[in-house]
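Overview (structure and organization)
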Amino acid sequence: FISLDNLNEAHYVCALMNSAPFNFAVQSHTQKSGKSFAQPNVLTHIRIPKFDPANTVHQDLSGLSQNAHYATEIGDLVGIKELEQRIDELAA
């Protein structure tokens, strides 16, 4: 679990943790077919920059995550794909 201060920060972290760059880092850190995948200590090895509300990239990631949650809620598969691609670009 990660302690966060507000909804925008939570969505920022959510966007990063669901991005392709983060997934790549997790896979690079863990053993394939091992039991260490997705364990909480992975966050001690993969850096997530602290949320900065003045940083436009952080704000954009938060907004994209919120939009992705809504797109999932309404079943907009095309929209989800586009949002995920944009999140991956910003996360990189």
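Up top you'll find the structure we're talking about.
Here we summarise the structure given alongside this text. (Residues numbered from 1 in each chain as written. Predicted model: local features only at pLDDT ≥ 70, side-chain atom pairs only at ≥ 80, totals over all residues. Heavy atoms only, no water.)

Close contact between helix H1 (residues 7–17) and helix H3 (residues 56–74) brings their axes to 7 Å; oriented N to C, the two are set at 80°. In terms of orientation, H1 and H3 fall into the roughly perpendicular class. For the pair H1 and H3, contact is made by Asn8, His11, Tyr12, Cys14, Ala15 and Leu16 and by His58, Gln59, Leu61, Ser62, Ser65, Gln66 and His69, respectively. Looking at the contact of H1 with H3 residue by residue, the classes come out as five nonpolar, eight polar and no charged. (Axes fitted to C-alpha atoms, helices over the stretch in contact; angles between N-to-C directions. Helix = DSSP H or I, 4+ residues; strand = E, 2+ residues; numbered from the N terminus. Parallel < 35°, antiparallel > 145°, perpendicular 65-115°, else oblique. Contact = heavy atoms within 4.5 Å. Nonpolar A, V, L, I, M, F, W, Y, C, P; charged D, E, K, R; others polar.)

Attention shifts here to H1. All of the buried residues along H1 are Glu9, His11, Tyr12, Val13, Ala15 and Leu16. If you follow the buried residues of H1, they end up packed against helix H2 (20–29), H3 and helix H4 (77–91). For H1, the capping residue at the N-terminal end is Asn6, with a side-chain oxygen 3.0 Å from the backbone nitrogen of Asn8. (Buried < 20%, exposed > 50% of the residue type's maximum accessible area, 1.4 Å probe, protein only. Polar contact = N/O pair within 3.5 Å; in protein donor to acceptor, adjacent residues only side chain to side chain.)

Okay, the nonpolar core next. Of all hydrophobic cores here, the largest spans 13 residues; its most connected members are Tyr12, Leu61, Leu64, Leu83 and Ile87. Listing elements by their share of this core, those giving two or more residues are H1, H3 and H4. Those residues in contact with Leu61 that sit more than four places away from it in its chain are His11, Tyr12, Ala15, Leu16, Ile87, Leu90 and Ala91. (Core = buried A, V, L, I, M, F, W, Y, C linked by side-chain atoms within 4.5 Å.)

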